[in-house]
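So you can see what is in the structure, the chains are spelled out below.
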Amino acid sequence: MSDHRVINILFHGIGTPRRELEPGEDRYWVTVDQFHELLDEVVSWPQARLSFDDGNASDLEVGLPALVERQVSATFFIIAGRLDEPGSVDADGVRELRRHGMPVGSHGMWHRPWRGLTPEQATEEFHTARDRLADLVGEPVDQAACPLGRYDRAVLSRLKAAGYTRVFTSDRRPARPGGWLQPRYSVRAEDTAESLRDIVFGPGLLGRARSSAVGLVKRWR
Ligand SMILES: [Zn+2]
């Protein structure tokens, strides 16, 4: 893997959900201890960039303090239609994230897949949701993350036309730092620091990187 690639890591909920989860969503929730372990791992990667999807209450209660403590930032993709709902961040929470320097992006209005939307639904998902979030934080919101990682050519055209400057997916591969489309690796419920490292870098690649690093050290001596 090139050193110029970015590794986008995506977190969802942390701890015990306080709303009914969507089918299959529990695969992406991690415990508080697990989150801290995974966060410590990824902040040690110089090429890692972090984001949180869905605007769960745990973004603010667990995510934010852990980021502040480690002096790192993450982008929070909020579901505009879920603001103030039980288990989700509220308007003050979003402003609190922003006050701590965390970029806020749109995860749409209702967390429905963006493929095959009617024009009215597309307006709601790509414009109304973003405007609601922009009003909250008092500045434009120009980054989006595709709900459930689903998109197609038409979705991307609509996002481009709506003026989004960066769009995040869940395609599990490295990203170009300046790329308009940003693939991410979703952290899963069974992940450990080691498994995540293997998924992202591959055991073989990591082994080779380690041995070449050892080689360099030897040469410098
Ligand atoms: Zn989502």
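Rules used in this analysis
Numbers given for residues are sequential positions, taken from 1 along each chain in its written order. Per-residue local features of the predicted model are confined to residues with pLDDT of at least 70, and side-chain atom pairs are confined, for both listing and counting, to 80 or more; whole-chain, interface and lining totals are unaffected and use all residues. With hydrogens and water set aside, each side-chain value is computed from the structure's full complement of heavy atoms. UniProt positions are given in the numbering used here, feature names are shortened, and annotations may be inferred rather than shown by experiment. Sites may look incomplete, because water is not among the atoms used; the donor set itself consists of N, O and S atoms within 2.8 Å of the metal (3.2 Å for Na, K and Ca). Helix and strand definitions follow DSSP, with helices as H or I runs of at least four residues and strands as E runs of at least two, each counted in order from the N terminus. Here the term buried applies to any residue with accessible area under 20% of the maximum for its type, exposed to any over 50%, and partly exposed to those in between, with areas from a 1.4 Å probe on protein chains only. Contact criterion: two residues are considered in contact whenever any of their non-hydrogen atoms come within 4.5 Å of each other. Axis lines are fitted through C-alpha atoms, for helices just across the contact stretch, and the angle between N-to-C directions can take any value from 0 to 180 degrees. Between 65 and 115 degrees an angle is taken as roughly perpendicular, under 35 as roughly parallel, over 145 as roughly antiparallel, and anywhere else as oblique. Crossing handedness is read from the near helix: turned anticlockwise from the far helix by less than a right angle, it gives a left-handed crossing, and turned clockwise, a right-handed one. Gly is put with the polar residues, along with every residue not named as nonpolar or charged; the nonpolar set is Ala, Val, Leu, Ile, Met, Phe, Trp, Tyr, Cys and Pro, and the charged set is Asp, Glu, Lys and Arg. The span one expects for a helix is its residue count, reduced by one, times 1.5 Å. What the bend at a residue measures is the angle between two axes, fitted to the seven residues ending there and to the seven starting there.

- The protein chain carries the name Glycosyl transferase family 2 in an unreviewed UniProt entry, which gives Micromonospora craterilacus as its organism.
- In the Subcellular location (unreviewed entry) part of its UniProt record, the protein chain is described as follows: "Secreted".

**Description of the coordination of the zinc ion**
Phase 1: Taken together, Asp 54 (OD), His 107 (NE2) and His 111 (NE2) make up the protein donors of the zinc ion, found 2.0 to 2.1 Å from the metal.
Phase 2: Read in sequence order, the donor residues for the zinc ion give the motif D-x52-H-x3-H. Of this pair, Asp 54 sits in the loop between β2 (48–53) and α2 (57–70) while His 107 sits in the loop between β4 (104–106) and α4 (119–137); the two residues are 53 residues apart in sequence, bridging distant segments of the chain. His 107 carries the same exposure label as Asp 54, and that label is buried.

**What to know about the environment of Pro 46**
Phase 1: Structurally, Pro 46 is set in the loop between α1 (32–43) and β2.
Phase 2: Through-space distance from the C-alpha of Pro 46 to that of Ile 7 is 9.0 Å; in sequence the pair is 39 residues apart.

**Thoughts on the environment of Ala 74**
Phase 1: As for its placement among the helices and strands, Ala 74 is situated in strand β3 (residues 74–78).
Phase 2: Classification of Ala 74 by relative accessible area gives buried; the value is 1%.
Phase 3: Measuring from C-alpha to C-alpha, the distance between Ala 74 and Leu 50 comes to 4.7 Å, with 24 residues separating the pair along the chain.
Phase 4: Ala 74 has contacts with Leu 50, Ser 51, Phe 52, Leu 67, Met 102 and Pro 103, leaving out every residue within four places of it along the chain.

**A few points about unusual backbone geometry**
Phase 1: Non-glycine residue Asp 84 carries a positive phi angle of around 70°.
Phase 2: Position of Asp 84 relative to the elements: it lies in the loop between β3 and α3 (91–99).
Phase 3: According to the relative accessible area criterion, Asp 84 is exposed, its value standing at 52%.
Phase 4: The residue His 111 is not glycine, and still its phi comes out positive at about 55°.
Phase 5: Relative to the helices and strands, His 111 resides in the loop between β4 and α4.
Phase 6: The exposure class of His 111 is buried, given its relative accessible area of 9%.

**Topic: the packing of α2 against α3**
Phase 1: The N-to-C vectors of α2 and α3 enclose an angle of 20°; their axes lie 10 Å apart at closest approach. Between α2 and α3, the angle is such that the two are roughly parallel. Note that α2 runs across α3; the crossing there is left-handed. Contacts between α2 and α3 involve Asp 59, Leu 60 and Leu 64 from the former and Gly 93, Glu 96 and Leu 97 from the latter.
Phase 2: In the contact of α2 with α3, the residues fall into three nonpolar, one polar and two charged.

**Focus: α4**
Phase 1: The terminal C-alpha atoms of α4 lie 26 Å apart, and with 19 residues this matches the ideal 27 Å at 1.5 Å per residue to within 8%.
Phase 2: The axis of α4 is deflected most strongly, by about 30°, at Glu 125.
Phase 3: Of all the positions in α4, only Ala 122, Glu 125, Phe 126, Ala 129, Arg 130, Leu 133, Ala 134, Leu 136 and Val 137 are classed as buried.
Phase 4: Check the buried side of α4 and you find it contacts β3, α3, β4 and α5 (153–161).
Phase 5: Taken from the residues just after α4, Gly 138 is the one with a positive phi, measuring 75°.

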